[in-house]
Amino acid sequence: MNHKVITAIICLLIVGCLSVGIGMNLKGSNTEKAASGSFASSEVSEKNSTEDGTFSETEKESESTRSAPEKTTYSKTEKQTEISSNSENTTQVRTEKQTGASSNKEKQTQVSEKATNPKTSVRHTEANSEKETQAQIQVVFSVNCERAAAYGADYPKYLINRTKCHVKKGTTVFDLLSEQCSRNGIAVVHQNKSYIVSIGGLAEKDCGNSSGWMYTVNGKKPMTSASKYVLQDGDVVEWYYVTSPTD
């Protein structure tokens, strides 16, 4: 082979290698461009999706998440406000009831004060005294010892002179004797309230075997024991001492 042929072959080989290298470089650059383009497009899509879709949904979720508690909190606050208003109304009602009860207590206190008022008590006392006066009767009472004095006993003619006195309705002759003698400090001895033994120390049989105490009402001798004879208004009662059966 001559040098020209060898040189031509070498040139062809060099050209072929250069073309292969250039081709590989072109493919690599295209691949990088495609990769860079896809990466850029993915970044753009991610940015778009993030900015448009995901961010908006996140904002919506955050808004819904925020709005839901706020609404719930507001509704709870309203309910609590309503409950507090109801409790205030209940408190007002209770306060009004307590105020009414206290007013009633004040009225009762006023009534009790009126009841304890001296003027009112005096009026009640006067009314009661008037009623008692209306329920009383007036009688005349005396204790006569004239026959005992005439017999020689050391006694005055009257242990109790004729006296007007007021007694309750239903008072008996014995009750009148006991009351009046007690007021005058005179002792009375009796048997079962039906028989008088002595008055002022002057006893039966002190002036003879037939001597003793008897009584009259309006000048008459009742056939009833002194404890059973009920007095009437205006009656005149006299206890007197007898010394003989004819007295």
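Going by the structure above, here's the rest.
Residues numbered from 1 in each chain as written. Predicted model: local features only at pLDDT ≥ 70, side-chain atom pairs only at ≥ 80, totals over all residues. Heavy atoms only, no water.

Q: How should I be thinking about the packing of aromatic side chains in this particular structure?
A: Both the distance between ring centres and the angle between the ring planes are used here to describe each pair of aromatic rings. Per the stated rule, a full pass over the model turns up 2 aromatic pairs. Arranged with centres 5.2 Å apart and planes meeting at 75°, the rings of Trp 213 and Tyr 241 form a pair that is edge-to-face. Here Tyr 241 lies in strand 7 (residues 236-242) and Trp 213 lies in strand 6 (residues 212-217), a separation of 28 residues in the sequence. Tyr 241 carries the same exposure label as Trp 213, and that label is buried. Here Tyr 215 and Trp 239 contribute two aromatic rings whose centre-to-centre distance is 5.1 Å and whose plane-to-plane angle is 40°, an arrangement assigned as tilted. Placement of the pair is Tyr 215 in strand 6 and Trp 239 in strand 7, with a sequence separation of 24 residues. Classification of Tyr 215 by relative accessible area gives buried; the value is 10%. (Phe/Tyr/Trp six-rings, centres within 6.5 Å; stacked < 30°, edge-to-face > 60°. Helix = DSSP H or I, 4+ residues; strand = E, 2+ residues; numbered from the N terminus. Buried < 20%, exposed > 50% of the residue type's maximum accessible area, 1.4 Å probe, protein only.)

Q: Would you take a moment to explain the pairing of strand 1 (residues 136-144) for this structure?
A: Regular strands show a simple pattern: their side chains alternate between the two faces of the sheet. The buried count for strand 1 comes to 7 of 9 residues, which makes it a mostly enclosed element. In this structure, strand 1 lies alongside strand 2 (residues 158-168), joined through 8 bridges in antiparallel fashion. Considered in strand 2, the bridge of Val 140 is made with Lys 164. Direction of pairing for strand 1 relative to strand 7: parallel, over a ladder of 5 bridges. The residue of strand 7 that forms the bridge with Val 143 is Trp 239. (Pairing = 2+ DSSP bridges.)

Q: Is there a simple way to explain the sheet that holds strand 3 (residues 188-191) in this structure?
A: Strand-to-strand pairing in sheets goes through backbone hydrogen bonds, with the strands running parallel or antiparallel. Taken in spatial order, the 3 strands line up as 3-4-5 in an open sheet, and their pairing is antiparallel. Two strands bound the open sheet, and with one partner strand each, they are strand 3 and strand 5 (202-203). By the bridge criterion, 4 bridges tie strand 3 to strand 4 (residues 195-199) in an arrangement that is antiparallel. Note on strand 4: the bridge partner recorded for Gln 191 is Tyr 195. Helix 4 (residues 173-183) contacts strand 3 and strand 4 of the sheet and is inclined by roughly 20° relative to strand 4. (Contact = heavy atoms within 4.5 Å. Axes fitted to C-alpha atoms, helices over the stretch in contact; angles between N-to-C directions.)

Q: Sorry, what's going on with the pattern of salt bridges here?
A: Between side chains of opposite charge, a pair can form as their charged atoms come close. Applying the stated criterion to the full structure yields 2 salt bridges. Close ionic contact of Asp 247 with Arg 147 constitutes a salt bridge, the shortest N to O distance being 3.5 Å. One end of the pair, Asp 247, is in the segment after strand 7; the other, Arg 147, is in helix 3 (residues 146-151), and 100 residues separate them in sequence. Residue classification places Arg 147 among the partly exposed positions, given a relative accessible area of 35%. For Glu 179, the salt bridge is made with Arg 183, and the minimal N-O distance between the two is 3.1 Å. Of this pair, Glu 179 and Arg 183 both sit in helix 4, 4 residues apart, which is roughly one turn of the helix. (Salt bridge = Lys/Arg side-chain N within 4 Å of Asp/Glu carboxyl O.)

Q: I keep staring at the state of the cysteines and nothing clicks. Help me out?
A: Summed over all chains, the structure comprises 0 disulfides. Of all cysteine sulfurs in the structure, the one in Cys 207 sits closest to Cys 145, which takes part in no disulfide; the separation is 9.2 Å. Residue classification places Cys 145 among the buried positions, given a relative accessible area of 0%. Looking at Cys 181, it has no disulfide partner, and the nearest cysteine sulfur is the one in Cys 145, 9.9 Å off. The exposure class assigned to Cys 181 is buried, which follows from its relative accessible area of 0%. (Disulfide = S-S within 2.5 Å.)

Q: Please clarify how the side chain of Thr 216 should be interpreted in this entry.
A: By the element assignment, Thr 216 lies in strand 6. Overall, Thr 216 belongs to the buried group, its relative accessible area being 10%. When sequence neighbours within four positions are dropped, the list of residues in contact with Thr 216 reads Lys 221, Pro 222, Val 236, Val 237, Glu 238 and Tyr 240.

Q: Would you take a moment to explain helix 4 for this structure?
A: At 3.6 residues per turn, the α-helix brings residues three or four places apart onto the same side. Among the residues making up helix 4, those that are buried are Val 173, Phe 174, Leu 176, Leu 177, Gln 180 and Cys 181. The buried residues of helix 4 occupy one face: seen down the axis, they fall within an arc of 160°. Facing away from the buried surface of helix 4 by more than 90 degrees, the exposed residues are Ser 182 and Arg 183. Buried-residue contacts for helix 4 involve strand 1, strand 2, strand 3, strand 4, strand 6 and strand 7. The positive-phi residue at the C-terminal boundary of helix 4 is Gly 185, with phi of around 70°. (Arc of directions from axis to C-beta.)

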